[in-house]
Amino acid sequence: MDLIRYQASDWPLWSALDRWSSLRDELNSFFEMPFWSSFARAGQLFSGWSPALDLYESNNDVVAVVELPGMRKEDIDISLHDGTLTISGERKREITGGEKAQRTERYVGTFRRSITLPTRVDANKVSATYQDGILKVTLPKAEEAKPKQIPVN
Amino acid sequence: MNTLTRETRDGDRAQAEREQFVAPPASLAESPDRYTLEIEMPGVKKDGLEISVENNELTIVGRRSLPEVHGTLVHREIRTENFRRTFELDPSIDADKISAKIDQGLVTLTLPKAEHVRPRKIAVA
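Residues numbered from 1 in each chain as written. Chains lettered and ligands numbered in written order. Predicted model: local features only at pLDDT ≥ 70, side-chain atom pairs only at ≥ 80, totals over all residues.

Caption draft 1: Seen up close, the overall build of chain B. What chain B contains, in helices and strands, is 1 helix and 10 strands. If you list the helices and strands of chain B from N to C, you get β-α-β-β-β-β-β-β-β-β-β. Across the 125 residues that make up chain B, the buried fraction comes to 28%. Relative to all contacts within chain B whose residues are 6 or more apart in sequence, the contacts with residues 24 or more apart total 60%. (Helix = DSSP H or I, 4+ residues; strand = E, 2+ residues; numbered from the N terminus. Buried ≥ 20, exposed ≤ 12 C-beta atoms within 10 Å, placed from the backbone. Contact = placed C-beta atoms within 7 Å.)

Rendered as structure tokens:
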């Protein structure tokens, strides 16, 4: 992203427009910086942090994908209550004694992320994997929520 | 010796490569003999990680291999771009001795300080 230097105003109009679009790019890239994106995700009432989550739906399953880098499997809790999936846990501070923090952008401490599921799921068949810092929760749909083909006689 | 490893914004070069990157969150800690840099790169495996030092500038690129999910995306928060972050190395760092590991999407770089800048005790004879 090049920062356009402010210059004398003898530019034609079209280049002024061009300058605006580059200003817009600058602003966009500013808000894409880690601080802002994590700020936007931080919950308002809950004092911890909230990881990013994607939700997929297929004929048979609902799948939640959550970004949780640098966790231990044991520190992640997954619960299902009244059609709401909640992923919570705690990321421990790993800086040891004798070190002093120079820059802290990573969140530590408790986190929580809830999402209302689009359909009913079978709570007994929920499974989860955690690999490369990505949690994937597969929630098979309840029988009555699966689409049915009705044959025409 | 209090200067930290400064971040450099090399947007020009990233744009020249015509690839969109997202800057991942990073934390840096300093101890008397080294710096420790932690960068969050969820979805990056060991072979998707490229770390290079050029002109005293440390570049970390993480290429994501996100899990394949069947179905329609109904809610999106995760960005799919690859990760890239650059830092200017503090002159006290011995660039030849930088080591890195990745575990569950967390990259940890150990940047040892050069022998001559480390604190040492001088025994009184």
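Caption draft 2: Quick peek at the environment of A:Asn153. Mapped onto the secondary structure, A:Asn153 falls in the segment after β8 (134–140). For the pair A:Asn153 and A:Gln102, spaced 51 residues apart in the sequence, the C-alpha separation amounts to 72 Å.

Caption draft 3: Geometry of the nonpolar core. Of all hydrophobic cores here, the largest spans 17 residues; its most connected members are B:Tyr35, B:Leu37, B:Ile39, B:Met41, B:Val107 and B:Leu111. At 4 residues, strand β10 (residues 106–112) of chain B tops the list of elements feeding residues into this core. Setting aside residues up to four positions removed in sequence, B:Ile39 forms contacts with B:Pro24, B:Ala26, B:Ile60, B:Arg85 and B:Val107. A:Leu68, A:Ile87, A:Val121 and A:Leu135 belong to the second largest nonpolar core, which has 16 residues in total. (Core = buried A, V, L, I, M, F, W, Y, C linked by C-beta atoms within 7 Å.)

Caption draft 4: Molecular detail of the confidence of the model for chain A. All names here are of chain A. Within chain A, residue pLDDT values average 79, and 67% of them lie at 70 or more. Looking over chain A, one finds the lowest element-wise mean pLDDT in helix α2 (residues 34–41), namely 52, and the highest in β8, namely 97. The low-confidence segment residues 1–13, where pLDDT is below 50, has 10 contacts with residues more than four positions distant or belonging to other chains. (pLDDT = per-residue confidence, 0-100.)

Caption draft 5: How the structure looks around the environment of A:Arg93. Its place among the elements puts A:Arg93 in the loop between β4 (84–91) and β5 (100–104). For the pair A:Arg93 and A:Gly109, spaced 16 residues apart in sequence, the C-alpha separation works out to 7.3 Å.

Caption draft 6: Inspection of the interface of chain B and chain A at higher detail. Taken together, the contact pairs 37 residues of chain B with 36 residues of chain A. At the level of secondary structure, the elements contributing two or more residues to the side of chain B that touches chain A comprise α1 (11–16), β3 (26–31), β4 (34–40), β5 (44–54) and β7 (72–75) of chain B. The greatest single-element share of the side of chain B that touches chain A, amounting to 6 residues, is contributed by β3(B). Here 3 bridges tie strand β1 (residues 53–57) of chain A to β7(B), and the two strands are oriented antiparallel to one another. Note on β7(B): the bridge partner recorded for A:Leu55 is B:His75. (Pairing = 2+ DSSP bridges.)

Caption draft 7: Local environment of the sheet that holds β10(B). With respect to topology, 5 strands assemble into an open sheet ordered β5(A)-β3(B)-β4(B)-β10(B)-β9(B), the strand pairing being antiparallel. Here the strands that pair on one side only, and so sit at the sheet edges, are β5 of chain A together with β9 (99–103) of chain B. For this sheet the average axis-to-axis angle between neighbouring strands, irrespective of direction, equals 15 degrees. In this sheet, β4(B) lies alongside β3(B) in antiparallel orientation, the contact comprising 6 bridges. Directly across from B:Ala26, in β4(B), lies its bridge partner B:Ile39. (Axes fitted to C-alpha atoms, helices over the stretch in contact; angles between N-to-C directions.)

Caption draft 8: Spotlight on the sheet that holds strand β3 (residues 76–81) of chain A. Residues and elements named next belong to chain A. Spatially, 3 strands are ordered β3-β4-β6 in an open sheet, and the strand pairing comes out antiparallel. Strands with a single pairing partner mark the edges of an open sheet, and in this sheet they are β3 and β6 (109–116). Neighbour to neighbour, the strand axes of the sheet diverge by 15 degrees on average, direction disregarded. With 6 bridges joining them, β3 and β4 adopt antiparallel strand pairing. Residue Leu 80 lies in a different strand from β4, and its bridge partner there is Leu 85.

Caption draft 9: The arrangement of the pairing of β1(A) in detail. Residue and element names in this part refer to chain A. Across the 5 residues that make up β1, a large majority, 4, are buried. Sheet analysis places β1 next to strand β2 (residues 61–67), joined by 5 bridges and oriented antiparallel. Directly across from Glu 57, in β2, lies its bridge partner Val 62.

Caption draft 10: Structural view of the confidence of the model for chain B. The share of residues in chain B with pLDDT of 70 or more is 86%, and the mean pLDDT across the chain is 87. The ipTM for the predicted assembly is 0.81, set against a pTM of 0.74.

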